[in-house]
Every structure is written in structure tokens, then in C-alpha cells.
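Per-entry structural report
The lines below spell out each chain.
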Amino acid sequence: RLGVMGRALLEGAAVATDRATIAAARRPPDERLSQLAALRASHRMIVVGLGVTIASGVLLLGGDVEALLVSSAFWVKMALLALLLANGVLLTRAEGGPAMLPRSAASSPPGGTAPVHVQASWGRLTVLSAVSLTLWFALLLASTFLVTSA
């Protein structure tokens, strides 16, 4: 049950944040700043959920290590988890970069067009969020296969 709670917290927060980030990329630059703050704040919940999920996963692995280590579904799930973690690092770097903020108030008038460097940064963040969503759903599918194949 602890693992399910951790996964619900982790995946719920991550999916909601990814969707909101993709939607924010279509908004005017001044409206994006609130999403950027929400994105940064969501990482605490995501990290807590990830910690609980990994701890419960290690305990579950210990319960049936011989069967899981030879399961292709297990290794697909581990590969997806590694890709998701790597994407998370890239996402964190992309959201925290100075290019996410306008260089001056004059460079991004309210409701106006963002400078090229800000647009490129949001484009990168949008792609990484879309990759994150895809990996989360693939991980969920792999987890389902793992449970049904065990």
C-alpha cells in the first residue's frame, strides 16, 4: 500500500505538472512565470513520492528477486525508470535556467511576444514535459505487464 501511495503522489504530481507546463507554453510570457514557480514547487512532492516508491520497490524486489531478475518486463521497467530519471534531470535544468526569465521588463511586455531565448527555453521545457508524460504512461504500462507476468 505504501508503494501505491508513493506512486499516486509521484505520478499524479508529475503528470499534472507536465500537462500544465505544456499548456503554459502557449500562454503569453507574463503568464508563464506563475507556471514556472509551480513547476519548481512541485519537485518537493515528486521527490518525496519517488523516495517512497523506490523504497517500496526495493522491498518488493527482495521478496521475489530470482523471478524478477530474469523477467524482461522488469528490465524494461527499469530502463524506462532510468530514462525518466534522466529526463527529470534535464527538465530540472531547463526550468531553472536564467533563459527562462526575460532579461528586462522591456524585453517582454505584458501579453507580448517573448524574446527568442525565452521562446527556445520554453520550447525545450515543453518537449521535455511531453517526453516525461510519455515515459510515465510507458512506465505504468510496463508495471502492468510486470504484475501480470509474475
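Before any of the text, the structure's been laid out above.
Values in this document were obtained by computation on a predicted structure and should not be read as measured data.

A few words now on the environment of V131. Within the secondary structure, V131 sits in helix α5 (residues 116–149). Measuring from C-alpha to C-alpha, the distance between V131 and D18 comes to 9.2 Å, with 113 residues separating the pair along the chain.

Right, let's get into the nonpolar core. If you look at the biggest cluster of nonpolar residues, it comprises 13 residues, and the most contacted ones within it are I46, L80, L84, W136 and L139. Listing elements by their share of this core, those giving two or more residues are α1 (2–24), α4 (72–96) and α5. Not counting residues within four places of it along the chain, the set of residues in contact with W136 comprises L10, E11, A14, V15, D18 and L84. Core analysis: the second largest hydrophobic core is formed by nine residues, L36, L39, L125 and L128 among them.

We now examine α4. For α4, with 25 residues, the first-to-last C-alpha span of 36 Å sits near the 36 Å given by 1.5 Å per residue. Every buried residue of α4 is accounted for by A73, F74, K77, L80, L84, N87, L91, A94 and E95. Where α4 starts, the residue carrying a side-chain oxygen 3.3 Å from the main-chain nitrogen of A73 turns out to be S71.

The next point concerns the packing of helix α2 (residues 29–63) against α4. As a packed pair, α2 and α4 sit with axes 12 Å apart at the nearest point and diverge in direction by 160 degrees. One element, α2, and the other, α4, form an angle in the roughly antiparallel class. Crossing hand, α2 versus α4: left-handed. Side by side, α2 and α4 meet where L36, L39, R40, H43, L50 and L61 of the first sit next to F74, L85, T92, E95 and G96 of the second. Classifying every residue of the contact of α2 with α4 gives six nonpolar, three polar and two charged.

Parameters and conventions
- Residues numbered from 1 in each chain as written.
- Predicted model: local features only at pLDDT ≥ 70, side-chain atom pairs only at ≥ 80, totals over all residues.
- Heavy atoms only, no water.
- Helix = DSSP H or I, 4+ residues; strand = E, 2+ residues; numbered from the N terminus.
- Core = buried A, V, L, I, M, F, W, Y, C linked by side-chain atoms within 4.5 Å.
- Buried < 20%, exposed > 50% of the residue type's maximum accessible area, 1.4 Å probe, protein only.
- Contact = heavy atoms within 4.5 Å.
- Expected span 1.5 Å × (residues − 1).
- Polar contact = N/O pair within 3.5 Å; in protein donor to acceptor, adjacent residues only side chain to side chain.
- Axes fitted to C-alpha atoms, helices over the stretch in contact; angles between N-to-C directions.
- Parallel < 35°, antiparallel > 145°, perpendicular 65-115°, else oblique.
- Left-handed = near helix turned anticlockwise from the far one by under 90°.
- Nonpolar A, V, L, I, M, F, W, Y, C, P; charged D, E, K, R; others polar.

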